[in-house]
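Each chain is listed here by its residues.
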Amino acid sequence: MRALKILLPVATTALFLVPALQAQSPAAPDRRWEPLFLGYGTEPEMDFGGRTVTSLQSLVSRSIGAIGHVGERHPGLAPAWEFPVGATVLLLQHEVGGHGGRAREFGLAPSYAFHYDLSAATGTARPPRSNEEGTLLAAGGVEADGVMSHRVMLDLLGLEGADGAKVPLALMSKLDLSLYVASAKRPGQGLVDQYRQGNDVAYYLFSRQAEERGADPAAVWDGTYAPMLEDPALDHTRRAARDAALWNVLDPSLVGAVINYFRQHVLGGEVRVHAPLLHAGDGLGLTLGTRAALGPQEVSRYLDLYAVTRHGVLTVYIRDLDSPVNRTYGAGAGVHGLRLGPGLELDLAADTWKEPDSIGSPHHGTGWNATGELDASLGERWGVAAKVGSKSRGFLPGLPLADGVYFGLGVKASL
C-alpha cells in the first residue's frame, strides 16, 4: 500500500509530463506584466495575503531585472535574483500570513522577528487557549505556503500564464512542508529538543498528542510539557506526515512548471510562463497535481485534476484525511479564471469532507465550504477583487477554523 502511494504520483508525472513538454497552453494575449495586488481578508486569509506576497515577488524581481535592462539582455541570469527574492518574501507568507494569520484568528497578538540569515520567528502575547489552537498555530506557516503555491499553480495553468518570477516562489513554498517534515527527528533521537527549540513540525506532533492527553496548552506552548515518546498515536501521526510530505513534493504539474520556467523564462527570455499540459481535444488540456496539509486532528493528502479550457481552469480533487483512529475522505470542485466578459473573471469552489475520529477530537460529522471570488478591471490601470464564502466548523487549508461567513478584498494596479 505504501509503495502504491509513492508510485502513483511518479506514474502520473511520467504520463502527463513527458508528452506535455511539447504541448504548451494556447497563445496568451500580449500582456507582459501582471498588475500589482494588495489584499486583505478575514483571518487567517492566507490566499489574498499570498497574492500580495507573490505580487511583491514580481515587483522586486522586475525592478532588479530592469536595472540596465539586464533581464532583457541576459534572461539566463534571472534565477540569480528571482530565487533569493523568493526566499526572502517567503518569510512574510510563512510568518505573517501563516503563523501570524492563525495567531490573529485566535486573538493571540503575534509579533515577529526577522534576521539577516533569512531565519525568522513568530511569538505571541499569550499562549493558545487550547491545544487545537496551538496545533494550527504550529502548522500555519507551511499551511500558508501551500495555499500560496496552489494559487500560483492555478495562474500558471490559465490562458495568460503567470509571471515567470513567481515560479521559484511557488517551488520553494511548495517544498516548505516537505522539508520541515523531513527535518523532524524521530522520538527519542532529538525530536523533544527540536520541539523546545521551536521546530514547527515537532511542536505540531506534540501539540496533537497533548490534545489527545488533555494536557495544559500553556505548558505545551512554554516547552515544559513532557511528551510521551512511546505513543502509538504519535508514531502514526509522524508516519502520516512523512507520507504526506513525499506525496506533496511529487507534484507533476509543478515539476512541469519548473521545467518550463527554465525553458520559457530563463532560456527563452519570455516574461510569462505556462504550465505544460496533456492535450485531450480542441482547446482542452489536462494535468494532475498533489498537495498535503497538516490539520489539528488529521494529515491530509490531495490529488488534483486540472482541466484547462479557453474559458477557465476547471479543478476536481479528492482528499484523504488520516488520523490515528481512522481514515476518511473528502472532495471538491471549482473553476478558476472563468471569463464573464472583458476584464471580468469569476472563481468558484465547493468542498466537502468527513471529519475523521480522533482521540479527544472536537469535530465530528461532515464539513463543507463554498467560495466565490470576482476579479474586475476598472479601466486600463486599476482593478478590484472580492471574495466571499461560508463554511462549517473544521479545518480547510487557508480558511477560518470556525463556521460562518468569511471575505476578502483586494486592489489591483498596473504600472
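Everything discussed here concerns the structure shown above.
Residues numbered from 1 in each chain as written. Predicted model: local features only at pLDDT ≥ 70, side-chain atom pairs only at ≥ 80, totals over all residues. Heavy atoms only, no water.

Caption draft 1: Local environment of the overall build of the protein. For the protein, the count of helices and strands is 11 helices and 14 strands. Along the longest, intermediate and shortest principal axes, the C-alpha atoms of the protein span 60 × 45 × 40 Å. Across the 415 residues in the protein, those meeting the buried criterion constitute 54%. Surface accessibility of the protein: about 17400 Å² in total, with carbon and sulfur atoms responsible for 63%. Taking the 36 positively charged and 44 negatively charged side chains of the protein as two groups, their mean positions are separated by 2 Å. (Helix = DSSP H or I, 4+ residues; strand = E, 2+ residues; numbered from the N terminus. Buried < 20%, exposed > 50% of the residue type's maximum accessible area, 1.4 Å probe, protein only. Areas by Shrake-Rupley, 256 points an atom, 1.4 Å probe, with all protein chains shown as cover. Lys, Arg positive; Asp, Glu negative; His and termini not counted. Charge placed at Lys NZ, Arg CZ, Asp CG, Glu CD.)

Caption draft 2: Structural context of the pattern of salt bridges. Counted according to the given criterion, the structure contains 26 salt bridges. Across the salt bridge formed by Glu373 and Arg151, the nearest N and O atoms sit 2.8 Å from each other. Taken together, the residues Glu373 in strand β12 (residues 366-378) and Arg151 in helix α5 (residues 131-157) connect sequence positions 222 residues apart. The partner of Glu345 in a salt bridge is Arg339, and the shortest N-O contact between them spans 3.9 Å. Among the residues examined, Arg339 registers a relative accessible area of 34% and is labelled partly exposed. Salt bridges sharing common partners tie together Glu45, Asp47, Arg51, Arg151, Glu373, Asp375, Lys387 and Lys412. (Salt bridge = Lys/Arg side-chain N within 4 Å of Asp/Glu carboxyl O.)

Caption draft 3: The environment of Leu401, seen in detail. As for its placement among the helices and strands, Leu401 is situated in the loop between β13 (382-391) and β14 (404-413). Since its relative accessible area comes to 4%, Leu401 is described here as buried. C-alpha of Leu401 to C-alpha of Glu105: the two residues are 296 residues apart in sequence and 8.6 Å apart in space.

Caption draft 4: Quick look at empty space enclosed by the protein. A complete count under the given rule lists seven cavities of 30 Å³ or more for this structure. The computed volume of the largest cavity comes to approximately 810 Å³. Of all the secondary-structure elements, those providing two or more residues to the lining of the largest cavity are α5, α6 (166-183), β7 (284-294), β8 (299-308), β9 (313-322), β10 (327-341), β11 (344-354) and β12. Ranked by residues supplied to the lining of the largest cavity, first place goes to α5 with eight residues. Class assignment of the residues belonging to the lining of the largest cavity gives a composition of 17 nonpolar, 13 polar and 10 charged. (1 Å grid on protein atoms, 1.4 Å probe; cavity = no way out; pocket = protein on both sides within 12 Å on 5 of 7 lines; lining within 4 Å. Points joined across faces, edges and corners; volume = space filled by probe spheres on them. Nonpolar A, V, L, I, M, F, W, Y, C, P; charged D, E, K, R; others polar.)

Caption draft 5: Just the layout of surface pockets, in detail. Empty space within the second largest pocket amounts to approximately 530 Å³. Looking at the lining of the second largest pocket, the elements that each hand over two or more residues are α4 (79-105), β3 (120-124), α5, α6, α7 (191-196), α8 (200-213) and α9 (217-222). In terms of residue count, the dominant contributor to the lining of the second largest pocket is α4 (six residues).

Caption draft 6: Region of interest: the pairing of β14. Where strand β1 (residues 36-41) lies against β14, six bridges are found, and the strand directions are antiparallel. From the neighbouring strand, Gly39 faces β14, where its bridge partner is Gly410. Looking at chain direction, β13 and β14 are connected through 10 bridges and run antiparallel. Each residue of the ladder has a partner; that of Val388, found in β14, is Phe407. (Pairing = 2+ DSSP bridges.)

Caption draft 7: Structural view of the nonpolar core. If you look at the biggest cluster of nonpolar residues, it comprises 26 residues, and the most contacted ones within it are Leu177, Tyr195, Tyr204, Phe206 and Leu294. Looking at this core, the elements that each hand over two or more residues are α5, α6, α7, α8, α10 (232-249) and β7. Considering every element that reaches this core, the biggest residue donor is α8, with seven residues. Those residues in contact with Leu294 that sit more than four places away from it in its chain are Ala139, Val142, Leu177, Tyr204, Ala241, Val299 and Phe395. Among the nonpolar cores identified, the runner-up in size contains 19 residues, and Met153, Ala162, Ala275 and Val308 belong to it. (Core = buried A, V, L, I, M, F, W, Y, C linked by side-chain atoms within 4.5 Å. Contact = heavy atoms within 4.5 Å.)

Caption draft 8: Inspection of the packing of aromatic side chains at higher detail. Considering all chains together, one arrives at eight aromatic pairs under this definition. Seen in terms of ring centroids, Phe83 and Tyr261 are 6.1 Å apart; in terms of plane orientation they differ by 80°. Their pairing is edge-to-face. Highlighted residues: Phe83 in helix α4 and Tyr261 in helix α11 (residues 252-267), separated in sequence by 178 residues. Looking at Phe83, the relative accessible area reads 25%, which means it is partly exposed. Classification of Tyr261 as buried rests on a relative accessible area of 1%. Summarising the aromatic geometry, the rings of Tyr203 and Trp221 are spaced 5.7 Å apart at their centres and angled 85° between planes, so their arrangement reads as edge-to-face. Of this pair, Tyr203 sits in helix α8 while Trp221 sits in helix α9, and the two are 18 residues apart along the sequence. The structure contains a cluster of three or more aromatic residues connected by ring pairs, namely Tyr195, Tyr203, Phe206 and Trp221. Positioned above the aromatic ring of Phe37 is the side chain of Arg51, whose terminal nitrogen or guanidinium carbon lies 3.9 Å from the ring centre. Positioned over the ring face of Tyr302 is Arg291, at 4.2 Å from the centre of the ring. (Phe/Tyr/Trp six-rings, centres within 6.5 Å; stacked < 30°, edge-to-face > 60°. Lys NZ or Arg CZ within 6 Å of the ring centre and 35° of its normal.)

Caption draft 9: Region of the structure containing the packing of α6 against α10. With their axes 9 Å apart at the nearest point, α6 and α10 run at an angle of 150° to one another. With respect to their mutual orientation, α6 and α10 come out roughly antiparallel. Two packed elements cross with a definite hand, and for α6 against α10 that hand is left-handed. Between α6 and α10, the contacting residues are Lys174, Leu175, Leu177, Ser178, Val181 and Ala182 on the first element and Ala241, Arg242, Ala245, Asn248 and Val249 on the second. A per-class count over the contact of α6 with α10 returns seven nonpolar, two polar and two charged. (Axes fitted to C-alpha atoms, helices over the stretch in contact; angles between N-to-C directions. Parallel < 35°, antiparallel > 145°, perpendicular 65-115°, else oblique. Left-handed = near helix turned anticlockwise from the far one by under 90°.)

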